[in-house]
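Here is how the chains run, residue by residue.
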Amino acid sequence: MSKRKIPFYIISLIVVVSLAVSIKNVAESWQLQRELARAQSVAGEAAQQAGPQITPENSHTVEYRKFPFVGSRVAVWVIAELHLMFAAFVLAVPMFALIIELIGYYTKDKRYDHLAYEFTKLLSTSFSFTASLGALLTFMLIIYYPKLTTYLIAIFSPTFLPYVLLFFAEAGFLYAYYYGWGKFSPKVHIALGVALNLVGTTIMFIANAWLTFMNTPAGINESGGLLSVWGAITNFTWMPINIHRLIANVAFGGSIAAAYGAYKFLGARSEEEKAHYDWMGYVGNFIAIAALLPLPFAGYWLGKEIYAYSQSLGIVLMGGTFSWLFIIQAVLIGNLFLAANYYLWVSMERIEGAQRFRKFIKYLLASITVCFIVWATPHSLVATVEEARRMGGSHHPMLGVLGVMSAKNTAVNILILTTYISFLLYRRGNREATVSWAKLGNTVQFLIFAVVVSFVVFLGVYGYFVEAKVRIGLSVPQVLSVLFAMISVTVIDIFMFKNAKSIGPIRWGKIPARAQYALFFLAVTFTWLMGLMGYVRAGLRQHWHVYGVMQDTSPDAFTPTLGFASGVVSVTVLIFFTFIAIVFWLSGLSGKKDWEAGTGKTAPSKGGLDLAEEGQS
Amino acid sequence: MKNALAIFGFTVIVTLFYWYVGQQVPQKETYPPKTLEIRPDLNTAEMVEIGKEIVSGKGTCLSCHTMGQSGSLRFPDLGNIGAVAGTHKPGVSDVEYLAESIYDPNAFIVEGFLPGMPVIHKPPISLNDDEILCVIAYLQSLGGTPTVTMQTSHKFSGAAPPSQGAPAAAAAAGAAVSENLDGPGIFAKYGCMACHSVDSPAKMVGPSLYDVGKRLSKAEMYESILDPDAKITAGYPAGVMAATLKGGGFYEKVSSKDLNILVDYLVSLKGNK
Amino acid sequence: MNYLVLAPIVLVMIALRFTRLNILGWLAVWWIAAYLAISYGIEPPLPSSIIGMFMGIVTLALLAYLTVRTDDMNFVKRAAIRFLTDKKYTLPLALTVIALPLLAAFNVYLDAAKAPQPPAAGRTVHPPPPTEITFKGKKIDLVNGVNPYRELQAEDPEAFRAHLANGRKVYFQNCVFCHGDNMEGKGLFAHAFDPLPANFQDPTTIAMLQETYLFWRIAKGAPGLPEESTPWASAMPAWEHFLSEEEIWDVILFMYEYTGHKPREKEEVH
């Protein structure tokens, strides 16, 4: 690398110029935000005027109170989302910590056990954050939305005490699992982990009942009176949300854990530490991506149930203003796939022999780019009158077909397969099959891919020629064929590489820093995506607190612009990462040496060293 | 520390990128549908707001009454009604006075004016009791302080059909139109007789239709129903009929068949009854 | 597809394979090729908002490719630093530094010099329907309602054909002028409208909707569109003033019969 310095004035010039280029755009958006905020505060103040004096007799008649500056809705929105993010993390980490512990238990490989422990270390601080945020959210609901809260309490009164009691159990199991690491027999400890997961999942299921009831109320009569608590709990979207959140939590938790690995890797001084945290980031990312793959299908199920509950609600979700939210979602998910593959490609550099596969990167990248474009193509386009006229309507004759579900399903299936192929190449990086039928095996694998890809594309195209009901059904064979490809190819691969010749070692720790930044990118993208999807789930109700039952009559009853929602989600994400930084910092403290008088500073970390010795394979 | 800052900066940049993506899609706010829902727990200030909308909208009051005008007026000005309502009839409170002038407008006529105001709680305007309470609240607020609440009762309470809690607009549009009526039936159904007499040359809010079959051609009749302001009979103010028909939802409700029967009926009115 | 544009692009790309372009050159070639293909290679042309989005994705992908290999990264880093520091690049560097703000200024000028245009509108093509509507005083349930004559198709084909024939009459007396005799939205009057009348042959219109949705759109027309579908100057009349309930159901039967589409069925309740 050149030692010559770039003149400072040139750098500053470039910075200034690029700022100037983008400033107009940003200023326009900013202007919009400010006008919105002003309109909101005016509306809020109008509602605040002319309230009667509160006395013990009439205190229950208060429906809303106003949160200063940002308004009640935004305040509750941000706190609820933060609570949800921390809860997702706290529920997800025990799940894969337990799985990793189990792997360690069965393979007798100590380093898995250490890794599981390291993940668990992040939990105790996060658990307190989750609980505090949950309490804050509850109080805010009582203070700012008393009428709604009273109604929900009336419907769900038998579920609140079990919820709180389960929290005690969760705390008990969690601390026993964490502090009892290595103190119990492995079987008892694993049993603790299982109990922890069961309790955590139950807690989430109870909370999901409350919020899905607001979207798709059930178990009540026409005027909103309670008929059956069980009916209210098992409403249309309860199970789909349970499953969707369970999987999404694992993906999210994995990405945050990978970000932790990346953070420790970048700060690591010794080779051992680097190797260990490189590996940790890799495992976290693997968990995140593995959980991401089934997520779209859980999402379809959820969407289908919403349609089944009410066509209006379904069309609000997919056809109305919210359809643009799914374009933003497509950008996020496209980025997720791109970054996940990117990480695998970059990390092939640490595998000797993986250079052989470099030439495939451009084809994989092309496939991802095309699928990304298909997925992000909106159904109704933003066009000026002039452009619309040339297209002959608001649907472009070619792009129109890319905008509907058939095309998107096909794109996401191909994206999943591409990611799987990247992983397959990564796995083979330093190995060469020695079995006699290796050539045949490769051919069969290739044929499976070719057949499945053409089948998926065929079904996607065929979907345009059949009625809606059949078309929705087509997504099932698409998914099944992709699953079949992944499982059969994996099975062949396992046998083919059983006694494979190793070309070179995996040099853990020899990974470029930008791969670690890809992990941060994944974590931020996952978090932002979660915020966005949380918004659409809640925003779907439009001006209802409980859809069709209790109307929102507060000044915040309107549905804000997607730009405004993006702003709130962005702020939430930044607050979340600030908190997460605190969690990382706190869990790093335990590894530091005790402070000693006189030296005034702590010795460099030793915590990672003993764990990392086995970090290389 | 340098690392932590770099990571934080990176996080901010990625977040900003997604924020930017969020700004690129169409920006649209959706407001809840506007309803004039009158709930029993409205406070007086909210009643005034709703009353104001009824006065200028569904109630069609402002087609005849003015706000803060003086000089030679056809109907009393409402600009200061809140201050003077209690002074017109000794011993009658402003609420009772306002209620009477809405439910039974011709019982007391302000000096210098002629009777002619239609009854407000019957078709075509058909305000219900709750809506009228809101109107009273608004009228009180004009020059005075509103005192009524949703629980206030007066001499006429219960005279109008009760509020069903349904949005007022929906209730107006929901009226059924399928019965087979003859000319006088349609004339009555749309409340034409509130302003027009057909059996004598007496002048009411609008000109008498006693001999309209002799005065107007069929085409002119269609015109004066569908576009009342196109030609105004001398001595009558413009805009009253148009606003009343619009406010009462006449144009949404009437079918072309009904309109034909109505005009045929008017043609038959030659003044020789 | 505009092959006159696409073919030269492909030919030039193939020709360039025989030159020794470095990674930066290749990425630039790909970027330009993608831009030309997306902007001019597709007929009719894409709206600029879509071109912007596609190029954004292509740019991200090319950047990923540039940084995926450490050797490529280092090559680009070195090239950039050489350009910024080497004496022999002083003149090009100075020109670049001057050109950047000029480009920005030119962009601002182009924006300002544009003739006023109506804003680009992202229109909600299928706005969410209300749960029920009032049709001539009768409540029509849009969620659980069905076309009352649809069942005749199986039960009484004779009567069903009569309804279809009536629907055909209704269509050709009322709808054909805008929606066209092929139901492609290309009727005689269609070209005067913005938005253009809906194309029922398109598998993304009526084939994706339930019959009650069509009933709502026909009965209430443009005046009944919800607020979030604005800006909307649709010329669709509210046919409830002109057609009877039976006529509307009949014309819906006919629209599906004529286009060969099937209405979306109500999802089963679980």
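Keep in mind that this is a model prediction, so the values were computed, not measured. (Residues numbered from 1 in each chain as written. Chains lettered and ligands numbered in written order. Predicted model: local features only at pLDDT ≥ 70, side-chain atom pairs only at ≥ 80, totals over all residues. Heavy atoms only, no water.)

### What about the overall build of chain A?
Looking only at helices and strands, chain A has 20 helices and five strands in total. Here chain A holds 617 residues, and the buried ones make up 57% of them. Residue pairs in contact within chain A that sit at least 24 positions apart in sequence constitute 84% of those at least 6 positions apart. Looking at chain A as shown, the accessible area adds up to about 26300 Å², and 70% of this sits on carbon and sulfur atoms. (Helix = DSSP H or I, 4+ residues; strand = E, 2+ residues; numbered from the N terminus. Buried < 20%, exposed > 50% of the residue type's maximum accessible area, 1.4 Å probe, protein only. Contact = heavy atoms within 4.5 Å. Areas by Shrake-Rupley, 256 points an atom, 1.4 Å probe, with all protein chains shown as cover.)

### Let's talk about the confidence of the model for chain A
Close inspection of predicted coordinates is inappropriate in any region flagged by low pLDDT. Overall, the prediction assigns chain A a mean pLDDT of 85, with 87% of residues at 70 or greater. Predicted confidence is poor over residues 600-617 of chain A, with pLDDT under 50, and the contacts of this stretch with residues over four places away or in other chains come to 28 contacts. (pLDDT = per-residue confidence, 0-100.)

### A closer look at helix H3 (residues 110-121) of chain A
With twelve residues, H3(A) should reach 16 Å at 1.5 Å per residue; the first-to-last C-alpha distance of 17 Å fits that figure. Residues A:Arg111, A:Asp113, A:Leu115, A:Ala116, A:Glu118, A:Phe119, A:Thr120 and A:Lys121 constitute the buried set of H3(A). (Expected span 1.5 Å × (residues − 1).)

### Focus: the pattern of salt bridges
Tallied over the full model, the rule gives 20 salt bridges over all chains. With a shortest N-O distance of 3.6 Å, A:Asp493 and A:Arg427 are connected by a salt bridge. A residue pair is termed long-range when its members are at least 10 positions apart, and A:Asp493 in helix H17 (residues 468-496) and A:Arg427 in helix H15 (residues 405-428) qualify at 66 residues. Accessibility expressed as a relative area gives 1% for A:Asp493, which makes it buried. Between C:Glu211 and C:Arg150 there is a salt bridge whose closest N-O contact spans 2.8 Å. (Salt bridge = Lys/Arg side-chain N within 4 Å of Asp/Glu carboxyl O.)

### Here's the deal with the packing of aromatic side chains
Taken as a whole, this structure holds 61 aromatic pairs over all chains when the rule is applied. The ring of A:Phe360 has A:Lys359 sitting right over it, with the charged end atom 5.2 Å from the ring centre. (Phe/Tyr/Trp six-rings, centres within 6.5 Å; stacked < 30°, edge-to-face > 60°. Lys NZ or Arg CZ within 6 Å of the ring centre and 35° of its normal.)

### Focus on the pairing of strand S3 (residues 138-141) of chain C
Residues and elements named next belong to chain C. When strand S2 (residues 132-135) meets S3, the two strands line up antiparallel, connected through four bridges. If you follow threonine 134 over to S3, its bridge partner there is lysine 139. The turn joining S2 and S3, which pair antiparallel and follow one another in sequence, is formed by two residues; a positive phi near 45° is taken by lysine 136. (Pairing = 2+ DSSP bridges.)

### Examining the domain arrangement of chain B
The parts lose accessible area when they come together, and the size of an interface is often stated as this lost area. Residue and element names in this part refer to chain B. On domain assignment, one finds that chain B holds domain 1 (44-173) and domain 2 (183-267). Each of domain 1 and domain 2 has a C-alpha centre, and the two are 25 Å apart. Across the boundary between the two partners, domain 1 contributes twelve residues, which contact 15 residues of domain 2. In this assembly, domain 1 packs against domain 2 so that about 990 Å² is buried in total across both faces, 66% of it on carbon and sulfur atoms. Counting across the domain 1 and domain 2 interface gives zero salt bridges. (Domains from an automatic or database assignment. Buried area = accessible area lost by both parts, 1.4 Å probe.)

### A few points about a nonpolar patch on the surface
Residue and element names in this part refer to chain A. The grouping of Trp437, Leu440, Val444, Val476, Leu480, Leu483, Ile487, Val491, Ile494 and Phe495 at the surface amounts to a nonpolar patch, some 900 Å² of accessible area in total. Counting only elements with at least two residues in the nonpolar patch, the list comes to helix H16 (438-462) and H17. Top element by residues in the nonpolar patch is H17. It accounts for seven residues. The residue valine 476 is located in helix H17 in this model. Owing to a relative accessible area of 49%, valine 476 belongs among the partly exposed residues under this scheme. (Patch = residues over 30% accessible without salt bridge, like charges linked within 9 Å, V, L, I, M, F, W, Y side chains within 5 Å.)

### A short note on the nonpolar core
Residue and element names in this part refer to chain A. Membership of the largest hydrophobic core comes to 183 residues, with the highest contact counts inside it found for Phe96, Phe252, Ile256 and Phe576. If you tally residues by element for this core, the top one is helix H12 (residues 323-347), at 19 residues. Residues within four places of phenylalanine 252 in sequence aside, it is in contact with Met85, Ala88, Phe89, Phe526, Thr527, Met530 and Phe576. (Core = buried A, V, L, I, M, F, W, Y, C linked by side-chain atoms within 4.5 Å.)

### Digging into unusual backbone geometry
Residues and elements named next belong to chain C. Of note, the bond from glutamate 43 into proline 44 is cis; its omega dihedral lies within 30 degrees of zero at -10°. Residues other than glycine seldom take positive phi values, yet methionine 183 does so here, at roughly 60°. Looking at the element boundaries, methionine 183 is found in the loop between helix H7 (157-179) and helix H8 (211-220). The exposure class assigned to methionine 183 is buried, which follows from its relative accessible area of 0%.

### Observations regarding the confidence of the model for chain B
Residues and elements named next belong to chain B. In the predicted model, chain B carries a mean pLDDT of 79, and 88% of its residues have values of at least 70. Taking the mean pLDDT of every element in chain B, the minimum, 36, falls on helix H6 (residues 168-173) and the maximum, 92, on helix H1 (residues 2-24). Across residues 163-178 the pLDDT falls below 50, and counting only partners more than four positions away or on other chains, this stretch makes 19 contacts in the model. Quick note on the complex model: pTM equals 0.72, ipTM equals 0.85.

### Focus on the packing of H12(A) against helix H13 (residues 361-376) of chain A
A pair of packed helices can be characterised by two numbers: the angle between their axes and the separation between those axes. Residue and element names in this part refer to chain A. At their nearest, the axes of H12 and H13 sit 9 Å apart, and the two run at 170° to each other. Considered as vectors, H12 and H13 are oriented roughly antiparallel to each other. Contacts between H12 and H13 involve Ile327, Ala330, Val331, Ile333, Gly334, Asn335, Phe337, Leu338, Asn341 and Trp345 on the former and, on the latter, Ile361, Leu364, Leu365, Ile368, Phe372, Trp375 and Ala376. Here the residues of the contact of H12 with H13 sort into 14 nonpolar, three polar and no charged. (Axes fitted to C-alpha atoms, helices over the stretch in contact; angles between N-to-C directions. Parallel < 35°, antiparallel > 145°, perpendicular 65-115°, else oblique. Nonpolar A, V, L, I, M, F, W, Y, C, P; charged D, E, K, R; others polar.)

### Remarks on the packing of H3(A) against helix H9 (residues 271-292) of chain A
All names here are of chain A. Orientation of H3 relative to H9, taken along the N-to-C sense of each, is 75°, at an axis distance of 11 Å. Classified by the angle their axes make, H3 and H9 are roughly perpendicular. Every residue of H9 that contacts H3 at Arg111, Tyr112, Leu115, Glu118 and Phe119 is listed here: His276, Tyr277, Trp279, Met280 and Val283. Partitioning the contact of H3 with H9 into residue classes produces seven nonpolar, one polar and two charged.

### Focus: helix H12 (residues 256-267) of chain B
Residues and elements named next belong to chain B. Over its twelve residues, H12 extends 16 Å from the first C-alpha to the last, a length consistent with the 16 Å expected when each residue adds 1.5 Å. Those residues of H12 lying buried are Asp258, Leu259, Leu262, Val263, Tyr265 and Leu266. Seen from one end, H12 has its buried residues packed into an arc of 155°, which puts them on one side. Elements in contact with the buried residues of H12: helix H7 (183-189), helix H8 (212-215), helix H9 (218-226) and helix H11 (250-253). (Arc of directions from axis to C-beta.)

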